[in-house]
Structures are given as C-alpha cells and as structure tokens.
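Residues per chain, in single letters:
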Amino acid sequence: MPTVTAIITTHSRPHLLPRAVASARRASAGVEVIVVDDASTDETSDICRNLEGIRYIRIDRNQGVAGARNLGLLASSSEYVSFHDDDDLRFPGSLDRQVQLLEEQPEAGFAYAPVVIGDKNCEPTASVEPVERPSGDIFWDLLSRPFVP
C-alpha cells in the first residue's frame, strides 16, 4: 500500500496533466496518483489513458474542485493525502519530506509548505507565498486568515 496519494483534479486542461503527474511522481518514491476528471469536455480522458500508473476517475457532471477532491479522497488507499491542481508542480522528494515530518510529529494534523507562484504559462516566478508561515498550533490563525496554499 502506498504511503501517500496525490489527488490531481482537472477540468478541460489536458495539456497540463502529463507534467502534473510526472511532478507528483518525483515528489514521493511510492506515491499513488489519482487523476479526477471533473466532467471535462475535451481529450482529457484520452490523455489520461496514455499516462501509465495513474488511477483515473471521470465525473460525468461537474462537481467543482471540492467535489472532485472528495471523490479522489474516497478512492485513495494511503494514509496520507496531498491535493494538487492540474497546474501544480511539486519539488522532488517534497511529499516524502512532509510524510517524514508528520511521522516524526504524530500530534500534527497536517503539513504545508510555501509555494513558488507561476506565471500564466505555469512557469515559476520569483514570488513565494505565503510570506509569513506560522507553525505549531495554528488552528485559530487558519480560521481568521487562510494562509495555507
């Protein structure tokens, strides 16, 4: 059984999927990759058929990102889950590092990291968010200002 699942949600952006899937694979040695197609109206299903080693779920009626993520979560078979959009790219080994941190600190509820913002072509810029990255017991901080990317 894989340790972590990368759930990649998509809607009619098939050109982004190969890069997103490859990125998720580089982020963890034994990652399970689930692509949830949220009622795309293009060649997304054809692209996914050609991506080896993924689990493909197609939704016939658009559910939005939250609904698509929930369906991916139901299909997941791992202890840890990471949600990805189709234009997200992960740093190599980043999921393995987050899993390691969670296992070292079993009292933690989740792990997050800053993101490098991309331009309209999904190419990285020099911008990193969030600038301030609270840690520890951040429950009330999250309620007052959502800062987790």
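In this text, all values refer to a predicted model and were calculated from it rather than measured experimentally.

Conventions we followed
- Residues numbered from 1 in each chain as written.
- Predicted model: local features only at pLDDT ≥ 70, side-chain atom pairs only at ≥ 80, totals over all residues.
- Heavy atoms only, no water.
- Pairing = 2+ DSSP bridges.
- Helix = DSSP H or I, 4+ residues; strand = E, 2+ residues; numbered from the N terminus.
- 1 Å grid on protein atoms, 1.4 Å probe; cavity = no way out; pocket = protein on both sides within 12 Å on 5 of 7 lines; lining within 4 Å.
- Points joined across faces, edges and corners; volume = space filled by probe spheres on them.
- Nonpolar A, V, L, I, M, F, W, Y, C, P; charged D, E, K, R; others polar.
- Phe/Tyr/Trp six-rings, centres within 6.5 Å; stacked < 30°, edge-to-face > 60°.
- Buried < 20%, exposed > 50% of the residue type's maximum accessible area, 1.4 Å probe, protein only.

Caption draft 1: Seen up close, the pairing of strand 6 (residues 124-129). In this structure, strand 5 (residues 115-118) lies alongside strand 6, joined through 3 bridges in antiparallel fashion. Directly across from Gly-118, in strand 6, lies its bridge partner Pro-124. Between strand 5 and strand 6, which follow one another and run antiparallel, lie 5 residues, and Cys-122 among them has a positive phi close to 65°.

Caption draft 2: Local environment of the layout of surface pockets. Its boundaries defined by the atoms lining it, the largest pocket holds a volume of some 1300 Å³. What lines the largest pocket is a set of 38 residues, and nearest its centre among them are Ser-82, Phe-83, Arg-90, Val-115 and Pro-149. Counting residues per element, the ones that place at least two in the lining of the largest pocket are strand 4 (80-85), helix 4 (94-104) and strand 5. Among the elements that line the lining of the largest pocket, the one with the most residues is helix 4, at 7 residues. For the lining of the largest pocket, the residue count by class is 24 nonpolar, 6 polar and 8 charged. The computed volume of the second largest pocket comes to approximately 470 Å³. Mapped by element, the contributors of at least two residues to the lining of the second largest pocket are helix 4 and helix 5 (139-144). For the lining of the second largest pocket, the element with the highest residue contribution is helix 4, accounting for 3 residues. Looking at the lining of the second largest pocket residue by residue, the classes come out as 11 nonpolar, 5 polar and 3 charged.

Caption draft 3: Structural context of the packing of aromatic side chains. The final tally for this structure, using the stated rule, is 3 aromatic pairs. Aromatic pair Phe-139 and Trp-140: ring centres 4.9 Å apart, planes at 80°, arrangement edge-to-face. Assessed through its relative accessible area of 64%, Trp-140 is described here as exposed. Ring-pair connections join several aromatic residues into one group, and the members of that group are Phe-110, Tyr-112 and Phe-147.

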